[in-house]
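Chain and residue survey
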Amino acid sequence: MAELKITLVKSPIGRKPNQRLTVKALGLGKLNSSVVQKDNPAIRGMVRTINHLVKVEEV
């Protein structure tokens, strides 16, 4: 199964509460922090919610 490397490139400060909670739920904290998550529909939906804040690469 493929994995996604998700990197936070923009700050969630001043964003809607659901977007800030999505950033935390993915395990992202500070700017330029990265996490590797399994590629599934739930994670894809979370990434779609905050696609303007993150950079996504397939691993």
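Parameters at a glance
- Residues numbered from 1 in each chain as written.
- Predicted model: local features only at pLDDT ≥ 70, side-chain atom pairs only at ≥ 80, totals over all residues.
- Heavy atoms only, no water.
- Helix = DSSP H or I, 4+ residues; strand = E, 2+ residues; numbered from the N terminus.
- Rg over C-alpha atoms; globule rule 2.2 N^0.38 Å.
- Buried < 20%, exposed > 50% of the residue type's maximum accessible area, 1.4 Å probe, protein only.
- Contact = heavy atoms within 4.5 Å.
- Areas by Shrake-Rupley, 256 points an atom, 1.4 Å probe, with all protein chains shown as cover.
- Lys, Arg positive; Asp, Glu negative; His and termini not counted.
- Charge placed at Lys NZ, Arg CZ, Asp CG, Glu CD.

Digging into the overall build of the chain
- On a plain count of helices and strands, the chain comes out with 2 helices and 3 strands.
- Ordered by position in the sequence, the α and β elements of the chain form the string β-α-β-α-β.
- In terms of overall dimensions, the chain is globule-like: its C-alpha atoms have a radius of gyration of 10 Å, near the 10 Å expected for 59 residues.
- Across its three principal directions, the C-alpha atoms of the chain cover 35 × 20 × 15 Å.
- Of all 59 residues assigned to the chain, the portion counted as buried reaches 31%.
- Considering only contacts within the chain whose residues lie at least 6 apart along the sequence, 73% involve residues at least 24 apart.
- Summing over all exposed atoms, the chain offers an accessible surface of approximately 3900 Å²; the carbon and sulfur share of this is 53%.
- Charged side chains of the chain number 11 positive and 4 negative; the gap between the two group centres comes to 14 Å.

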